[in-house]
Amino acid sequence: MTYSGAVKVGGPADVHELSDLMISKVAVGGMNNNAYLLRCRATDEQLLIDAAAEPQTLLSLIGDGGIASVVTTHQHGDHWGALAEVVGATGARTYAGALDAEGIPVATDVLVADGDTITVGRVTLTARHLVGHTPGSIALVYDDPHGHPHVFTGDCLFPGGVGNTWGDPKAFVQLVDDVEHKLFAELPDEAWVYPGHGNDTTIGAERPHLAAWRERGW
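Let us look at the structure shown here. This is a predicted model, so every value here is computed, not measured.

1. Concerning the pairing of strand β6 (residues 93-97)
Along a regular strand, successive side chains alternate from one face of the sheet to the other.
Okay, so step 1: Taking burial as the measure, the five residues of β6 include four buried ones, the bulk of the element.
Okay, so step 2: As paired strands, β6 and strand β7 (residues 110-112) are joined by three bridges and run parallel to one another. Note on β7: the bridge partner recorded for Ala 96 is Leu 111.

As structure tokens, this is what we get:
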């Protein structure tokens, strides 16, 4: 079946099948958070992005093979609500942005900075540090050698705009600048965007609206 990225809490995962990587997306919790399970097709090693909520749902998605690592995109509690349970059950290595780790009540094994790489089996993800939604938010970019890039943006980029900066003009400018320079300027229109909540989008679908976002200030 064709991947759409449209998932709902209590519903099944949607699976995006790439040549080297399987991406399973599931919605969990009262804030409709997305969690993404990445599996290297060559090695079956797995990585989870955002153990947000509903640990049993996530552990069922992970399955008996376990996960090698879990990446938390930022320090807001709706993105790590199930982290302790998932790590306790799997022994996974934890990753988070260096400036957000103190706000996550589960020890971070690896502090991530802009440009750092994280591997899952033979697949490599590149972290991009995006400031504004939180001090240490990270997005993860997979540059698929067989197709277009895929980027997991946490709460920094959604269909229709950047993440919430709660009316702080300085934070908004920082976030929209980082998103423009580190994502839009470096990724092609075909790049697929997987956000922390709601439906997916593409860089090309959002690119024409950057100036309007700056004008409106959110």
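2. Observations concerning the sheet that holds strand β2 (residues 21-28)
Okay, so step 1: Sheet architecture is open: seven strands sit in the order β1-β2-β3-β4-β5-β6-β7, paired in mixed fashion. Strands with a single pairing partner mark the edges of an open sheet, and in this sheet they are β1 (14-17) and β7. Between one strand axis and the next, the sheet turns through 20° on average, direction left out of account.
Okay, so step 2: Contacting β2, β3 (33-40) and β4 (46-49), helix α1 (residues 55-62) crosses the sheet at an angle of about 160° to β2.

3. Details of the pattern of salt bridges
Okay, so step 1: Across all of its chains, the model carries eight salt bridges by this definition.
Okay, so step 2: Taking the shortest distance from any N to any O, the salt bridge between Glu 180 and Arg 214 comes out at 2.8 Å. On the criterion of sequence distance, the pair formed by Glu 180 in helix α3 (residues 169-184) and Arg 214 in helix α5 (residues 210-216) is long-range, its members being 34 residues apart.
Okay, so step 3: Of the residues examined, Arg 214 reaches a relative accessible area of 33% and is grouped as partly exposed.

4. Topic: the side chain of Asn 34
Okay, so step 1: Mapping Asn 34 onto the fold places it in strand β3.
Okay, so step 2: Using a relative accessible area of 1% as the deciding quantity, one classes Asn 34 as buried.
Okay, so step 3: A polar side-chain atom of Asn 34 sits 2.9 Å from the main-chain carbonyl oxygen of Pro 195.
Okay, so step 4: Only 2.9 Å separates the side chain of Asn 34 from the backbone oxygen of Gly 198, close enough to count as a polar contact.
Okay, so step 5: In this structure, Asn 34 is in contact with Val 7, Lys 25, Val 26, Ala 27, Ile 49, Asp 50, Pro 195, Gly 196, His 197 and Gly 198, ignoring residues within four places of it in sequence.

5. Quick word on the nonpolar core
Okay, so step 1: The biggest cluster of nonpolar side chains holds 22 residues, and the ones touching the most others in it are Leu 21, Ile 23, Leu 38, Leu 47, Leu 140 and Phe 152.
Okay, so step 2: The set of elements that each furnish at least two residues to this core consists of β2, β3, β4, β8 (117-120), β9 (123-130) and β10 (137-143).
Okay, so step 3: Setting aside residues up to four positions removed in sequence, Leu 47 forms contacts with Tyr 36, Leu 37, Leu 38, Ile 67, Ser 69, Val 71, Ile 118, Thr 119, Val 120 and Leu 125.
Okay, so step 4: Among the nonpolar cores identified, the runner-up in size contains 20 residues, and Val 26, Ala 35, Leu 58 and Ile 67 belong to it.

6. Some points on the pairing of strand β5 (residues 69-72)
Okay, so step 1: Burial along β5 is two-sided: the residues Ser 69 and Val 71 and Val 70 and Thr 72 are all buried.
Okay, so step 2: A crossover links β4 with its parallel partner β5, the connecting element being α1, and its sense is right-handed.
Okay, so step 3: Alignment of β5 against β6, held across four bridges, turns out to be parallel. In the strand pairing of β6, Val 70 is matched with Thr 94.
Okay, so step 4: Of the crossover connections in this fold, the one passing from β5 over helix α2 (residues 83-90) to the parallel β6 is right-handed.

7. A closer look at α2
Okay, so step 1: Buried within α2 we find Leu 83, Val 86 and Val 87. With its buried residues spanning 95° around the axis, α2 presents them on a single face. Counted as exposed and oriented over 90 degrees from the buried face of α2: Gly 88 and Ala 89.
Okay, so step 2: Looking at the buried positions of α2, the neighbouring elements they touch are β4, α1, β5 and β6.
Okay, so step 3: Two residues or fewer past α2, Gly 91 is found with a positive phi of approximately 70°.

8. What to know about the packing of aromatic side chains
Okay, so step 1: Using the criterion set out here, one finds seven aromatic pairs in the structure.
Okay, so step 2: Look at Tyr 3 and Tyr 194: their rings are 6.3 Å apart centre to centre, the planes differ by 45°, and that puts the pair in the tilted class. Of this pair, Tyr 3 sits in the segment before β1 while Tyr 194 is found in strand β14 (residues 192-195), placing the two residues 191 residues apart along the sequence. For the residue pair Tyr 3 and Tyr 194, the accessibility class agrees, reading buried in each case.
Okay, so step 3: Residues Tyr 36 and Tyr 194 carry aromatic rings whose centres are separated by 5.6 Å and whose planes lie at 80° to one another, so their mutual orientation is edge-to-face. With Tyr 36 in strand β3 and Tyr 194 in strand β14, this residue pair connects regions lying 158 residues apart in the sequence. The burial state of Tyr 36 is the same as that of Tyr 194; both residues are buried.
Okay, so step 4: Taken together, the ring pairs in this structure connect Tyr 3, Tyr 36, Phe 152, Trp 192 and Tyr 194 into an aromatic cluster.
Okay, so step 5: In this arrangement the basic side chain of Arg 216 is found over the ring face of Trp 218, its NZ or CZ atom lying 3.7 Å from the centre.

Conventions used here
- Residues numbered from 1 in each chain as written.
- Predicted model: local features only at pLDDT ≥ 70, side-chain atom pairs only at ≥ 80, totals over all residues.
- Heavy atoms only, no water.
- Buried < 20%, exposed > 50% of the residue type's maximum accessible area, 1.4 Å probe, protein only.
- Helix = DSSP H or I, 4+ residues; strand = E, 2+ residues; numbered from the N terminus.
- Pairing = 2+ DSSP bridges.
- Axes fitted to C-alpha atoms, helices over the stretch in contact; angles between N-to-C directions.
- Contact = heavy atoms within 4.5 Å.
- Salt bridge = Lys/Arg side-chain N within 4 Å of Asp/Glu carboxyl O.
- Polar contact = N/O pair within 3.5 Å; in protein donor to acceptor, adjacent residues only side chain to side chain.
- Core = buried A, V, L, I, M, F, W, Y, C linked by side-chain atoms within 4.5 Å.
- Right-handed = clockwise from strand over helix to strand, strands pointing away.
- Arc of directions from axis to C-beta.
- Phe/Tyr/Trp six-rings, centres within 6.5 Å; stacked < 30°, edge-to-face > 60°.
- Lys NZ or Arg CZ within 6 Å of the ring centre and 35° of its normal.

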